[in-house]
Amino acid sequence: ECPLCLLPQPPEAFPSLASCSHRSCWACLEQYLCLAVSESRVPVSCPHCPAALLPSDVHRLLPEPALRDKYEEFLLRRLLVADPGTRWCPAPDCRYLRAGTAGWVRACCPRLTCGREGCGTEFCYHCRQPWHPDGPCAPPAPSLATPTAQLAQLEESAHGEALAQAEAEDIKVCPRCSAFIMKINDGSCNRMNCTVCGCLFCWLCLREISDVHFLSPSGCTFWGKRPWSRTRRILWQLGMVLGAPMVISLAAGVAVPVITIGIPIYMGRKVLAGGPGSRRSSLSGCQQCLSVTSSVLLSLFVSPIITVLTVGVGVPLVLTYVYGTVVLSLCR
């Protein structure tokens, strides 16, 4: 039975994958790959686990040559976008790519020429703007060739300020590759993953993030619609710094008796409770009493160790976060 479509299939209908041991029927894998490639989710992972499918398997399973070409194009684009030395031609309607060369060559001669036939645009390697032989690099100006400028042009169109604001909230650009990213306002989280370059970024501040970004005092919340204001963020950080000793002492004072006493009580009740078909139902009263007593005594020996480990590890971690990360954020 295929785990995706839940239909019984003959053994030859389940192609083997070199990346993992999961099996799905040929039709389901074809449909899954077609959807993933059309949405530029490349590299494509296995439908059952995070393992990336090898290009040989993808070429074998994709039915259409056009989809195979798209897959190769998206793979190449993902590789080139991650390379900081590559440069795209800034001319309108031209997406020709120039691969980066050695840094010392670019420092001596930063002029690049688009190699696409009929274009020949000359631009600067550093500021990525049209070539300026007689002046220094200017700050990057919006160009219609970049998605950011296209989005700005969309916001300033004749649709009105309300529509532009709504579209600006729903459509943003990836901070690494400037690809359009759309977020549906369905209450989903602010942790975004670009399907073009694989960049993991925050939807609120549009910065590349790590897994602890929403735990840091940055003002970005995991489910919020906008970052906290500077005043609210500073007040929250000051409250954490001043109130951390009292809160930690209170939490430790509650956790120590709860863990020390709660574990023996829980284990005694769990050993004492036994269904009609359990092994304890065949024991005599003396044996049941001995079993409960031994489990409680063992828990009384183990629970202080668990309490010491919990408090001894948890309290230093919280103190390090509050008086390390939060204090550094306040000083900036």
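Each chain carries its own residue numbering, running from 1 in the direction its sequence is written. Under the rules for a predicted model, residues below a pLDDT of 70 receive no local features and side-chain atom pairs below 80 are neither given nor counted, while totals for whole chains, interfaces and linings still include all residues. Only hydrogens and water are set aside; all other atoms, that is, all heavy atoms of the structure, feed into the side-chain values.

1. A short note on the confidence of the model for the chain
Averaged over all residues, the pLDDT of the chain equals 77, while 77% of them reach at least 70. Note on residues 102–106: pLDDT is under 50 here. Beyond four places in sequence and across chains, it has five contacts. For every residue, the predictor reports its confidence as pLDDT, a number between 0 and 100. Only heavy atoms matter for contacts: two residues are in contact if any of them lie within 4.5 Å across the pair. With pLDDT under 50 throughout, residues 140–146 is counted as low confidence; its partners more than four residues away or in other chains account for 14 contacts.

2. Details of the pattern of salt bridges
Throughout this description, the term salt bridge denotes a Lys or Arg side-chain nitrogen within 4 Å of a carboxyl oxygen of Asp or Glu. With the rule as written, the count across this model stands at three salt bridges. Note that Asp57 and Arg60 form a salt bridge whose closest N and O atoms lie 2.8 Å from each other. Of the two residues, Asp57 and Arg60 are both situated in helix 2 (residues 55–61); the distance of three residues between them amounts to about one turn of the helix. Between Arg111 and Glu122 there is a salt bridge, and its shortest N-O distance comes to 3.9 Å. Pair noted here: Arg111 is in strand 3 (residues 111–113) and Glu122 is in strand 4 (residues 122–124), with a separation of eleven residues, a long-range link. When a residue's accessible area, from a 1.4 Å probe over protein chains only, is under 20% of the maximum for its type it is buried; when over 50% it is exposed; and in between it is partly exposed. Owing to a relative accessible area of 34%, Glu122 belongs among the partly exposed residues under this scheme. Numbering of helices and strands runs from the N terminus; a helix is a DSSP stretch of H or I covering at least four residues, while a strand is a stretch of E covering at least two.

3. Some thoughts on the environment of Trp26
Of note, Trp26 is situated in helix 1 (residues 26–38). Take Trp26: its relative accessible area is 31%, and that puts it in the partly exposed class. Spatially, the C-alpha atoms of Trp26 and Pro15 are 6.4 Å apart, while their sequence positions differ by eleven residues. For Trp26, the residues in contact, after removing those within four places along its chain, are Ala13, Pro15, Arg60 and Leu61.

4. Considerations on unusual backbone geometry
A cis geometry characterises the amide bond from Val42 onward to Pro43, with omega recorded as 0°. Turning to its location among the elements, Pro43 is positioned in the loop between helix 1 and helix 2. Residues other than glycine seldom take positive phi values, yet Leu6 does so here, at roughly 60°. Backbone geometry places Leu206, a non-glycine residue, at a positive phi of 55°. Within the fold, Leu206 resides in the loop between strand 8 (200–202) and helix 7 (230–272).

5. What about helix 7?
Along helix 7, the sharpest kink reaches roughly 55°, centred on Gly243 and followed within four residues by the proline Pro245. For helix 7, the set of buried residues is Gln237, Met240, Val241, Gly243, Ala244, Ile248, Ala252, Ile259, Pro264, Gly268 and Val271. In this analysis the local bend is the angle between axes fitted, respectively, to the seven residues ending at and the seven residues starting at the residue.

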